[in-house]
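Residue-level structure breakdown
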Amino acid sequence: MADTPDISEENELYEHYAFKVEKGQQPLRIDKYLMNFVENATRNKIQQAAKDGSIFVNGKPVKSNYKVKPNDHIRVKFEHPPHEHLLVAEDIPIDIVYEDDDVLVVNKPAGMVVHPGHGNYSGTLINGLIFHFENLPNNSSERPGLVHRIDKDTSGLLVVAKTEKAMAHLSNQFAEKTSEREYVALVWGNVDDDEGTIEGHIGRHPKNRLQNTVYEGDETYKGKPAITHYKVLERLGYVTLVSCKLETGRTHQIRVHMKHIGHTLFNDERYGGEKILKGTTFSKYKQFVENCFKILPRQALHAKTLGFEHPTTGQWMSFTTALPEDMQQCIEKWRDYATHLK
């Protein structure tokens, strides 16, 4: 019987996912393990991928009952390239706040994914951008025009580069922390201090890859440095409206940092904010909160202000956009409720 071929011989395969198993991982079937790491995947699909020989551990294909061990290198490979590399132009309306020959500032609605990825191969901002604009420069991840991103269910401002020069210039500003980004968030609880700074290394959650978490002390090496400055805008009883300014741009940064200090974003399902985290046990209150969730069926986060130096003129550009209707309505309901608490 021939030896199992090493992955290096499988030149026709395209890598879709790659993970290194954490040091503290307990033995766990790989199909269960990957359920936490691959968004929108079902166990049946993972088991089928293993059956097809598409899941490799340390270079060798494994079956779905293989038990992962610390430091295992897992790769999921298929014969077709990842869908996010097969960009299709789509006539999607884009809310353009500002445009010139170098840059584009877009107001992204909640619910729109910024770039294609697993489970979201169409309807993204990039699908719309490549329909409306030709020859957008690729960033380091081969994504046309994209300088930075915001989460699917976060609304607000993004800057898009239209030239190679603009891409390099703007990317450098974000890396050097000279750009300005202010978000408005509604969070659970009454935030103690009127303003403050949250510093905490952010990295993948050890048990749920769809979340990030803050690593402290001896574990800071597991994350990347992240700094968020917050300021209370309005206290609304069991929730608080805050402004958050980013010094760094880690994935889910505001969502992770605010949860870390005990103030999870309102209706942030991924981080537990879709539960009633503060308030009373009265059934009327429960009904009130559920009505708020219906009005705002996403995390209460909006990228309100964006500032950067123009890549050609050197002029400081600053843009602000109003809170979207769903956030405004939800805040108004809390405002009314808070007046009855006094």
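Summarised in this report is the structure supplied together with it.

**A few points about the environment of Leu265**
Along the chain, Leu265 turns up in the loop between α5 (253-260) and α6 (283-295). Residue Leu265 is classed as buried on the basis of its relative accessible area of 0%. Separated by 26 residues in the primary sequence, Leu265 and Val239 have C-alpha atoms spaced 9.2 Å apart.

**Details of the side chain of Gln253**
Looking at the element boundaries, Gln253 is found in helix α5. On the basis of relative accessible area, Gln253 is assigned to the buried category, the value being 2%.

**Quick look at the packing of α6 against helix α7 (residues 325-341)**
Across the interface, α6 lies against α7 with an axial gap of 8 Å and an inter-helix angle of 160°. Classified by the angle their axes make, α6 and α7 are roughly antiparallel. The two elements α6 and α7 cross, and the hand of that crossing is right-handed. On α7, the residues touching Tyr285, Phe288, Val289, Asn291, Cys292 and Ile295 of α6 are Asp326, Gln329, Cys330, Lys333, Trp334 and Tyr337. For the contact of α6 with α7, the residue count by class is 8 nonpolar, 2 polar and 2 charged.

**Considerations on the nonpolar core**
Counting residues in each nonpolar core, the largest one holds 30 residues, and the members touching the most others are Leu125, Leu129, Val242, Ile254 and Met258. Secondary-structure elements contributing two or more residues to this core are β8 (103-108), α3 (125-132), β9 (155-161), β10 (180-188), β14 (227-236), β15 (239-246), α5 and β16 (301-309). The contact partners of Ile254, leaving out residues within four places of it in the chain, are Tyr183, Thr228, Cys244, Leu246, Leu265 and Leu301. Grouped together as the second largest cluster of nonpolar side chains are 20 residues, Leu186, Tyr285, Leu296 and Met327 included.

**Notes on the packing of aromatic side chains**
Pairs of aromatic rings are described using the distance from one ring centre to the other and the angle between the two planes. Summed over all chains, the structure comprises 14 aromatic pairs. The interplanar angle of 70° and the centroid separation of 6.3 Å between the aromatic rings of Tyr285 and Trp334 together place this pair among those described as edge-to-face. Residue Tyr285 is located in helix α6, and its partner Trp334 is located in helix α7; the two are separated by 49 residues in the primary sequence. Here Tyr285 and Trp334 have matching classes, each one buried. Measuring from ring centre to ring centre gives 5.8 Å for Trp334 and Tyr337, while their planes differ by 75°; the resulting arrangement is edge-to-face. With Trp334 and Tyr337 both in helix α7 and 3 residues apart, this pair spans about one turn of that helix. For the pair Trp334 and Tyr337, one class covers both residues: buried.

**So, the pattern of salt bridges**
Pairing between side chains becomes possible if they bear opposite charge and their charged atoms approach one another. Tallying each qualifying case throughout the model produces 12 salt bridges. For Asp151, the salt bridge is made with Arg255, and the minimal N-O distance between the two is 2.9 Å. Taken together, the residues span a long stretch of sequence, with Asp151 in the loop between α3 and β9 and Arg255 in helix α5 at a distance of 104 residues. By the burial criterion, Asp151 is buried, and Arg255 matches it.

**Describing the side chain of His252**
Checked against the element boundaries, His252 lands in the loop between β15 and α5. Assessed through its relative accessible area of 9%, His252 is described here as buried. At 2.6 Å, the side chain of His252 forms a polar contact with the side chain of Tyr271.

What counts as what
- The residue numbers shown here count from 1 along each chain, following its written sequence.
- Side-chain atom pairs in this predicted model are given and counted only at pLDDT of 80 or more, local residue features only at pLDDT of at least 70, and totals for whole chains, interfaces and linings cover all residues.
- Derived side-chain values reflect all non-hydrogen atoms in the structure, with water molecules and hydrogen atoms excluded from consideration.
- By the criteria applied, helices consist of DSSP H or I runs no shorter than four residues and strands consist of E runs no shorter than two, each listed in order from the N terminus.
- Buried, partly exposed and exposed residues are distinguished by accessible area as a fraction of the type maximum, computed with a 1.4 Å probe on protein chains only: under 20%, between the cut-offs, and over 50%, respectively.
- Helix axes are fitted only over the stretch in contact, all axes being lines through C-alpha atoms; the angle between N-to-C directions runs from 0 to 180 degrees.
- Working rule for angles: under 35 degrees goes down as roughly parallel, over 145 as roughly antiparallel, 65 to 115 as roughly perpendicular, anything else as oblique.
- Less than a right angle of anticlockwise turn of the near helix away from the far helix marks a crossing as left-handed, whereas a clockwise turn marks it as right-handed.
- Any two residues whose heavy atoms approach within 4.5 Å at even a single point are treated as in contact.
- Each residue is assigned to one class: nonpolar for Ala, Val, Leu, Ile, Met, Phe, Trp, Tyr, Cys and Pro, charged for Asp, Glu, Lys and Arg, and polar for all the others, Gly among them.
- The term nonpolar core refers to a set of buried residues drawn from Ala, Val, Leu, Ile, Met, Phe, Trp, Tyr and Cys, joined through side-chain atoms within 4.5 Å.
- Ring pairs shown here join Phe, Tyr and Trp side chains whose ring centres sit within 6.5 Å, with only the six-membered ring taken for Trp; geometry is labelled stacked below 30 degrees between planes, edge-to-face above 60, and tilted in between.
- Here, a salt bridge means any Lys or Arg side-chain nitrogen found within 4 Å of an Asp or Glu carboxyl oxygen.
- Any pair of nitrogen or oxygen atoms within 3.5 Å is treated as a polar contact; in protein, a donor-acceptor pairing is required on top of that, and neighbouring residues in sequence qualify only through side-chain atoms on both sides.

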